[in-house]
Amino acid sequence: MNNDLTFSQMPLDRASTLRKDQTWMQDKLSSEDSCFYFFWRGKFLYYQQKLAVYTRKNGINSAREVNYADVFTELSQTSDAVFLGTSADIAYFVCDLSIMNDDEIAGWLKKLNIDNSKFIDFRRSLSLLSPSQAAILSYGKALIHWQQSALHCGYCGAKTKALDGGHRRVCLCENCQKEHFPRTDPAVIMLVEYQPKFGPAVCLLAEHHRTPEQAFSTLAGFVDPGESLQEAVAREVLEEAGVQVNNVRYVDSQPWPFPNSLMVGFIAQASSLDLCLEEEELRSAAWFTAEQLMNFKDWGDDAAGPKLPRKESIARLLIDTWCKSQFEANAKTEKMAVEVKTALLASS
Ligand SMILES: [Zn+2]
C-alpha cells in the first residue's frame, strides 16, 4: 500500500459505532470544541487562503475577535451537518450550504465580516491543503454528494430523513421505511505492460478525449454489476484497446471523490502488442518504455510534448511504480552482467 496517495490519508476515527448514538451525536453537534467545515456547490470555504474551520468557542480559524455564533445558528445547520469523525475526542462535521443561491451565499459571506474568505473549488484548492485535510474533505464531499442524491427514496419517491450523522437515510413513507446508505462506485484503473523476448518492456498509455491533447494516462473503467475486479480489467482493456491481458496484479486503491468512486489500481500483462482502439473513448494509444516516460512532461506543464497524469492520481502511481520496477530490473541485469564478466576474467 502506498500511503502517499492523495485522499488516502484519513486522520480521523470514523467512529462508525458512536455515530449511531443520537445522544452522543447531539452532544458533539452542540459542543463548543466541535469543528465545522463549510461546503457550497462543489466548493469549501477558505479564510485567508487556509481551509476555514469553525468552532463555537473560537469562530473561524480562531479569529476570536469576531462573534460568529449568530451566523452559524442562522444556518439551522444541524439537519445538514454531516459527521466525519473524531480526533482526540473532538468531532468534525461538514455543513452543506448548497441550498443557498448565489445572492444568499454572498450575503452569508458578508455576515462573516472577515477579509479574504471565499469558497474555492475542491479540486483547484488541493495545493492549499495538507494530505490529511484533502482526505477529510474528499470524504465530506463524497458523503454530501450522496446526501444530495438520496433526498428522495429510490423505491417509492417519498422524502428521506438523515440519521447517524448523515451516514444513513430512512424513507419517511410509513409503508416503505427503506434504509439508504452511502454508495461508492468501484472503478478499475490499469497499467498494461508487454515484455518482448528481447529488449525492454513497454507499457500502454492512451490519450483520452476528455483530457487535453498529449496528456497520456492508463486505461480505466467502471466495474459492471456481477463482475470481479480482474474481469473488469480484462474487459475494459479488450474493449478500449483490443488487447487480451492476463496476470492481473493489484497495486493500490484510491478514493476518488469526483463524485464518489473508488479507483482500484492494477498492473496487467498483455499477450500481444496489436492495438484496436475504441475511437469513441480514446484519441490515441501507444506503447512506451520506462526510459521514454522519463522524458514526458508533468501535468500542467505548458511546454509542448507528451505529459504524464496528475501527481495526486493513482494513474501516476501506477506509471511511477512500473517505471521504478523496470529500472530496478535493468540495474539487477547490469549488476549480474558485471558479476559474470568479473567471474569470467578471474577464471581465465
Ligand atoms: Zn420509500
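Basis of the calculations
- Residues numbered from 1 in each chain as written.
- Predicted model: local features only at pLDDT ≥ 70, side-chain atom pairs only at ≥ 80, totals over all residues.
- Heavy atoms only, no water.
- Pairing = 2+ DSSP bridges.
- Helix = DSSP H or I, 4+ residues; strand = E, 2+ residues; numbered from the N terminus.
- Buried < 20%, exposed > 50% of the residue type's maximum accessible area, 1.4 Å probe, protein only.
- Contact = heavy atoms within 4.5 Å.
- Phe/Tyr/Trp six-rings, centres within 6.5 Å; stacked < 30°, edge-to-face > 60°.
- Donors = N, O, S within 2.8 Å, 3.2 Å for Na, K, Ca; no water.
- Tetrahedral: all angles 85-135°; square planar, octahedral: opposite > 155°, others 65-115°.
- Domains from an automatic or database assignment.
- Buried area = accessible area lost by both parts, 1.4 Å probe.
- Salt bridge = Lys/Arg side-chain N within 4 Å of Asp/Glu carboxyl O.
- Polar contact = N/O pair within 3.5 Å; in protein donor to acceptor, adjacent residues only side chain to side chain.

Moving on: the sheet that holds strand E11 (residues 179-180). Pairing is antiparallel in the open sheet, where three strands are placed in the order E9-E10-E11. Here the strands that pair on one side only, and so sit at the sheet edges, are strand E9 (160-163) and E11. Bridge count for E9 against strand E10 (residues 168-171) is four bridges, and the pairing is antiparallel. The partner of Ala162 across the bridge, within E10, is Arg169.

On to unusual backbone geometry, then. Going from Phe258 to Pro259, the amide bond is cis rather than trans, its omega being 5 degrees. For Ala15, which is not a glycine, the phi torsion comes out positive at approximately 45 degrees. Relative to the helices and strands, Ala15 resides in the segment before helix H1 (22-30). Look at Ala15 and you get buried, because its relative accessible area is 8%. In this model, Asn247 sits at a positive phi of 50 degrees, which is unusual for a non-glycine residue. For Asn247, the location among the structural elements is in strand E16 (residues 245-256).

Here the focus is the side chain of Glu236. Looking at the element boundaries, Glu236 is found in helix H5 (residues 229-241). The class of Glu236 is buried, set by a relative accessible area of 8%. Those residues in contact with Glu236 that lie beyond four places of it in its chain are Val188, Met190, Ala220, Gly221, Phe222 and Ala241.

Glancing now at the environment of Leu12. You can see Leu12 is positioned in the segment before H1. The exposure class of Leu12 is buried, given its relative accessible area of 9%. Each C-alpha atom of the pair Leu12 and Asp89 lies 10.0 Å from the other, and the pair is 77 residues apart in sequence. Ignoring anything within four residues of it in the chain, the contact list for Leu12 reads Leu84, Gly85, Thr86, Ser87, Tyr92 and Ile136.

Moving on: the packing of aromatic side chains. Using the criterion set out here, one finds 21 aromatic pairs in the structure. Ring centres of Phe7 and Phe122 lie 5.9 Å apart, and the angle between their planes is 40 degrees; on these two criteria the pair is classed as tilted. Here the residue Phe7 occupies a position in the segment before H1, and Phe122 occupies one in the loop between strand E8 (117-121) and helix H4 (131-149), the gap between them amounting to 115 residues. Aromatic pair Phe36 and Phe93: ring centres 5.1 Å apart, planes at 15 degrees, arrangement stacked. On the criterion of sequence distance, the pair formed by Phe36 in strand E1 (residues 35-40) and Phe93 in strand E7 (residues 90-96) is long-range, its members being 57 residues apart. For Phe36, a relative accessible area of 0% puts it in the buried group. Classification of Phe93 by relative accessible area gives buried; the value is 0%.

Within the protein, the atoms that donate to the zinc ion are Cys153 (SG), Cys156 (SG), Cys171 (SG) and Cys176 (SG), at distances of 2.3 to 2.4 Å. Around the zinc ion, the four donor atoms sit at angles spanning 96 to 114 degrees, and that spread fits a shape best called tetrahedral. Mapped onto the polypeptide sequence, the residues donating to the zinc ion form the spacing pattern C-x2-C-x14-C-x4-C. The buried category is assigned to Cys171, whose relative accessible area is 2%.

Let us look at the domain arrangement of the chain. What the domain assignment reports for the chain is domain 1 (18-144), domain 2 (150-183) and domain 3 (185-331). Averaged C-alpha coordinates put domain 1 and domain 3 at centres separated by 37 Å. On the domain 3 side, the residues contacting the six residues of domain 1 number seven residues. Carbon and sulfur atoms make up 60% of the surface buried where domain 1 meets domain 3, a total of about 580 Å² over both sides. Linking domain 1 to domain 3 there are zero salt bridges. The tally of links from domain 1 across to domain 3 stands at one residue pair in polar contact (both at pLDDT 80 or more).

Right, let's talk about the pattern of salt bridges for a bit. Taken as a whole and assessed by the stated rule, the structure comprises 16 salt bridges. As a salt-bridge pair, Lys28 and Asp89 come within 3.5 Å of each other at their nearest N and O atoms. Taken together, the positions of Lys28 in helix H1 and Asp89 in the loop between strand E6 (81-87) and E7 put the pair 61 residues apart, joining distant regions of the chain. Taking relative accessible area as the criterion, Asp89 reaches 58% and is therefore assigned exposed. The closest approach of N and O atoms between Arg283 and Glu207, which form a salt bridge, is 3.4 Å. Of the two residues, Arg283 is situated in strand E18 (residues 282-288) and Glu207 in strand E13 (residues 202-208); the sequence distance between them amounts to 76 residues. What makes Arg283 partly exposed here is its relative accessible area of 30%. Overlapping salt bridges, with partners in common, bring together Glu227, Arg235, Glu236 and Glu239 in one network.

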